[in-house]
Amino acid sequence: KQEVTQIPAALSVPEGENLVLNCSFTDSAIYNLQWFRQDPGKGLTSLLLIQSSQREQTSGRLNASLDKSSGRSTLYIAASQPGDSATYLCAVLTQGGSEKLVFGKGTKLTVNP
Amino acid sequence: NAGVTQTPKFRVLKTGQSMTLLCAQDMNHEYMYWYRQDPGMGLRLIHYSVGEGTTAKGEVPDGYNVSRLKKQNFLLGLESAAPSQTSVYFCASSYWRQAITGELFFGEGSRLTVL
């Protein structure tokens, strides 16, 4: 059974700092991995999608990497801003069966001005 | 520019009551999903649909029923609500198989409390 873990559960940083969020998964037989952002009381917004054949994806100040063999992904946020404060979730689409998307519990990020 | 719309946004039920959550998407997506989000549990898939007229069970389907009579709508029903169904429910949709396109679009959630 696929399990997705995100560490740390919460992170507080000063504005301008570069930071890394971690995601690990137990079953490397995946189609893709996604990073989402969730603001309080809101739905999830897709940030980056990495297919299993890719090593990284970039969008603006965000860079996500994938090491499928070790079951790890990182989300790098450069020059963090208070507007980046949110909960970040990673989700893995596992091969076989129903192609179920398995979510981690998220990392709550606070960027202090 | 609606995307995925969920109604209602908030609802309080008494144990044993029934209700239906409606999800509507205007992006002509084939696949639709219902998730629940609970503190400390993450998001869990309840049911999903791969096209009009189809439904399938997800990870936690017990106590819920779904219908996809129209391509744009996906309904989640609770026939006899229980306090354990207190949660935030999210609907999501994707154009095609996530294994191919990947991107998932979420609604803003429906917060349900069962007393």
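This text gives an overview of the structure that appears in the document. All figures in this text were calculated on a predicted structure; none of them were measured in a lab.

Turning our attention to the overall build of chain B. Helices and strands together make up the secondary structure of chain B, namely zero helices and eleven strands. In chain B, the succession of helices and strands from N to C terminus is β-β-β-β-β-β-β-β-β-β-β. Projecting the C-alpha coordinates of chain B onto the three principal axes gives extents of approximately 40 × 30 × 25 Å. Sequence separation of at least 24 residues holds for 55% of the intrachain contacts in chain B that already meet a minimum separation of 6. For chain B, the separation between the mean place of its 11 positive charges and that of its 9 negative charges on side chains is 5 Å.

Here we take up unusual backbone geometry. At the junction of A:Ile7 and A:Pro8, the peptide bond is cis and its omega measures out at 0° in the coordinates. Mapped onto the elements of the fold, A:Pro8 is located in the loop between strand 1 (4–7) and strand 2 (10–14). B:Thr7 connects to B:Pro8 through a cis peptide bond whose omega is -10°. Here B:Pro8 is to be found in the loop between strand 1 (4–7) and strand 2 (10–13). Positive phi is not limited to glycine here, since A:Ala79 has a value of about 45°. Of note, A:Ala79 is situated in the loop between strand 8 (72–77) and strand 9 (86–94). One non-glycine residue, B:Asn28, lies in the positive phi region at around 60°. By the secondary structure assignment, B:Asn28 is in the loop between strand 3 (19–25) and strand 4 (31–38).

Quick look at the interface of chain A and chain B now. Each partner contributes residues to the interface: chain A has 22 residues there, and chain B has 21 residues. Of the roughly 1,600 Å² buried where chain A meets chain B, counting both sides, 53% is carbon and sulfur surface. Between chain A and chain B we count one salt bridge in total. Salt-bridge contacts for A:Lys42 lead to B:Glu108; the nearest nitrogen and oxygen are separated by 3.7 Å. For the pair chain A and chain B, the number of links is two residue pairs in polar contact (both at pLDDT 80 or more). Of all the secondary structure elements, the ones that give two or more residues to the side of chain A that touches chain B are strand 4 (30–38), strand 5 (44–51), strand 9 and strand 10 (101–103) of chain A.

A few words on the environment of B:Ala81. Summarising the element assignment, B:Ala81 is placed in the loop between strand 8 (73–78) and strand 9 (87–94). For the pair B:Ala81 and B:Gly16, spaced 65 residues apart in the sequence, the C-alpha separation amounts to 4.8 Å.

Further remarks concern the sheet that holds strand 1 of chain A. All names here are of chain A. Strand order in the open sheet made by the five strands is 1-3-8-7-6, with antiparallel pairing throughout. Of all strands in the sheet, those bounded by a partner on one side alone are strand 1 and strand 6 (56–59). Neighbour-to-neighbour, the strand axes of this sheet turn through a mean angle of 15°, independent of strand direction. Two elements, strand 7 (residues 62–67) and strand 8, share six bridges in a ladder whose sense is antiparallel. Within strand 8, the residue paired with serine 65 across the bridge is threonine 74.

Turning our attention to the sheet that holds strand 1 of chain B. All names here are of chain B. Strand order across the open sheet formed by four strands is 1-3-8-7, with antiparallel pairing between neighbours. The open sheet has two edge strands, strand 1 and strand 7 (65–67), and neither has a second partner. Mean inter-strand twist for the sheet, computed between neighbouring axes without regard to direction, equals 20°. Relative to strand 8, strand 3 is paired through six bridges, and the arrangement is antiparallel. Bridge assignment links cysteine 23 to a residue of strand 8, and that residue is phenylalanine 74.

All names here are of chain B. This model, assessed by the stated rule, comprises six salt bridges over all chains. Here glutamate 30 makes a salt bridge to lysine 71, at a shortest N to O gap of 3.0 Å. Of this pair, glutamate 30 sits in the loop between strand 3 and strand 4 while lysine 71 is found in the loop between strand 7 and strand 8, placing the two residues 41 residues apart along the sequence. Accessibility expressed as a relative area gives 24% for glutamate 30, which makes it partly exposed.

About the cut-offs
Residues numbered from 1 in each chain as written. Chains lettered and ligands numbered in written order. Predicted model: local features only at pLDDT ≥ 70, side-chain atom pairs only at ≥ 80, totals over all residues. Heavy atoms only, no water. Helix = DSSP H or I, 4+ residues; strand = E, 2+ residues; numbered from the N terminus. Contact = heavy atoms within 4.5 Å. Lys, Arg positive; Asp, Glu negative; His and termini not counted. Charge placed at Lys NZ, Arg CZ, Asp CG, Glu CD. Buried area = accessible area lost by both parts, 1.4 Å probe. Salt bridge = Lys/Arg side-chain N within 4 Å of Asp/Glu carboxyl O. Polar contact = N/O pair within 3.5 Å; in protein donor to acceptor, adjacent residues only side chain to side chain. Pairing = 2+ DSSP bridges. Axes fitted to C-alpha atoms, helices over the stretch in contact; angles between N-to-C directions. Buried < 20%, exposed > 50% of the residue type's maximum accessible area, 1.4 Å probe, protein only.

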